[in-house]
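Chain by chain, the residues run as shown.
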Amino acid sequence: MVACVTIGQLVLKEGAPVTSLRSRVIGLGSFLPPRVVTNDDLAQIMDTSDEWIVQRTGIKERRWVEGVTSTSDLAVEASRRALDSAGLTPEDLDMIFLATISPDHFFPGSGVFLQTKLGLAGIPAIDVRQQCTGFIYALSMADQYIRTGSARKILVVGAEVHSKGLDKSTNGRDITVLFGDGAGAVVLEAMEVNNPQLDSHLLSTHLYTDGAHAEDLWVPAVSTAYDEQIVDQRMLDRGDQYPKMNGRQVFVHAVKRMPEAVEIALEHNGYQIDDVDLFVFHQANLRINEAVAHRLGAPEEKVFNTIEKYANTTAATIPIGLDEAVKAGRLQPGMLVALAAFGGGFTWGSALLRW
Ligand code: UT7
């Protein structure tokens, strides 16, 4: 059974929206660790090849952190850049959302480490664990606080350090070649929307989950679901600490669910596919995004990809994509931008923004 939350519709069903307050992106930033790991580099440590990886996924290289760098270290760099671009200091923030599946520690959430590294104390720092859809979930949650007038400025971050959690032997090659490290962040500000057709704002988010597929893409341990210890030697011997994936299942569902989520967002807001100026999809596999664009009838030139350079950075992918699209001049004020993601859980969702 598919669970569905159509946030925008919930507001509309009740008649007038709670307020005319909407979220606007006023700051954007990303941070990629400097160490580049090419497909040829991976072929030195496992049985794979540049040809296989490029042909199946479109990935040419990814970034990996070095030394003690953690997820919150990447997050704080992206956050500072987003705050700088908004002309704000951390003290201006009311809340922080950090989406990640590669936290600094088992608990507390990495948002608290990010908060401290930003020199803050007191404001809520919330971790979101929705895998590749994490940023869209976090954006949606932040938007609810803004729509209700509960917060005026919110930092929403996606950050991942995958490289320390991958099986770098040939056993893990199906997954290890796909993932990279990185972080991206936006600052949202509450604003009154007078002209929904023109004013820059987040129009809607649509979120979905189907937990029946949880074990098609997951890290089994550390875990409270086994025996008495969250981790023991048997789990480590089995490699339960590494991600496991049913790649075909993920592929099949991703190419179906992302177009659905975009179509629902467009229908909900009264737009057609041709009205969209830019699509920023999650970056797991170039072939997935080509199939998604094809199903939607979206022209290639309107789809912005970063997968060649950064691979799959999970929750960080969409804000990194937005930042790169702005830097490349592909995303400009006034454009209608559609975001969609799909990932472990399975979770998926979309967001529509007037930039
Ligand atoms: O956000 C969600 C994250 N994940 C995804 O979106 C992944 C979705 N799935 C995919 O992108 C694709 O399923 C993959 C790219 C992961 C795999 O492509 P595939 O065409 O489904 O390949 P496969 O898993 O069927 O494997 C084909 C062959 C196998 O060898 P045999 O059994 O045919 O001899 C694999 O062992 O390719 C082999 N293989 C590799 N060979 C070289 C798997 N990984 C590698 C590798 N290098 N890295």
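Residues numbered from 1 in each chain as written. Predicted model: local features only at pLDDT ≥ 70, side-chain atom pairs only at ≥ 80, totals over all residues. Heavy atoms only, no water.

**Points about the nonpolar core**
Nonpolar side chains tend to gather and get buried jointly when the protein is soluble and globular. Val-156, Leu-322, Val-337 and Leu-339 are the most contacted members of the largest nonpolar core, which has 37 residues in total. Considering each element in turn, this core owes the most residues, seven residues, to helix H6 (residues 134-147). Residues from two domains meet in this core; each of domain 1 (4-192) and domain 2 (201-354) gives at least three. Of all hydrophobic cores here, the second largest spans 27 residues; its members include Ala-261, Leu-266, Phe-281 and Ala-293. (Core = buried A, V, L, I, M, F, W, Y, C linked by side-chain atoms within 4.5 Å. Buried < 20%, exposed > 50% of the residue type's maximum accessible area, 1.4 Å probe, protein only. Helix = DSSP H or I, 4+ residues; strand = E, 2+ residues; numbered from the N terminus. Domains from an automatic or database assignment.)

**Let's talk about a nonpolar patch on the surface**
A cluster of nonpolar side chains, Phe-106, Phe-107, Val-222, Ile-230, Val-231 and Leu-236, forms an exposed patch at the surface whose accessible area comes to about 560 Å². When you line up the elements, Phe-106 lands in the loop between strand E5 (95-99) and helix H5 (110-117). Residue class for Phe-106 comes out exposed when judged on its relative accessible area of 54%. (Patch = residues over 30% accessible without salt bridge, like charges linked within 9 Å, V, L, I, M, F, W, Y side chains within 5 Å. Areas by Shrake-Rupley, 256 points an atom, 1.4 Å probe, with all protein chains shown as cover. Salt bridge = Lys/Arg side-chain N within 4 Å of Asp/Glu carboxyl O.)

**A look at the confidence of the model for the chain**
Per-chain confidence: the chain averages 94 in pLDDT, with 95% of residues scoring 70 or above. This model gives residues 1-17 a pLDDT under 50, and the stretch forms 28 contacts once residues within four places in sequence are excluded. (pLDDT = per-residue confidence, 0-100. Contact = heavy atoms within 4.5 Å.)

**Thoughts on the domain arrangement of the chain**
Each assigned domain of the chain is listed here: domain 1 (4-192) and domain 2 (201-354). Inter-centroid distance (C-alpha atoms) of domain 1 to domain 2 is 12 Å. Facing the 59 residues of domain 1 at the interface are 52 residues of domain 2. At the boundary of domain 1 with domain 2, total buried surface from both sides reaches about 4300 Å², with 65% on carbon and sulfur atoms. Linking domain 1 with domain 2 are one salt bridge, by the criterion used here. Taking the shortest distance from any N to any O, the salt bridge between Lys-60 and Glu-308 comes out at 3.5 Å. (Buried area = accessible area lost by both parts, 1.4 Å probe.)

**Comments concerning unusual backbone geometry**
The omega angle of the peptide bond from Phe-107 to Pro-108 is 0°, so this bond is cis rather than trans. Among the secondary structure elements, Pro-108 is positioned in the loop between E5 and H5. Following Gly-345, the chain continues to Phe-346 via a peptide bond in cis, the omega torsion being -15°. Relative to the helices and strands, Phe-346 resides in the loop between strand E13 (336-343) and strand E14 (347-354). Here Gln-131, not a glycine, exhibits a phi torsion of approximately 55°, which is positive. Secondary-structure assignment places Gln-131 in the loop between strand E6 (125-128) and H6. One non-glycine residue with positive phi stands out, namely Thr-314, at about 50°.

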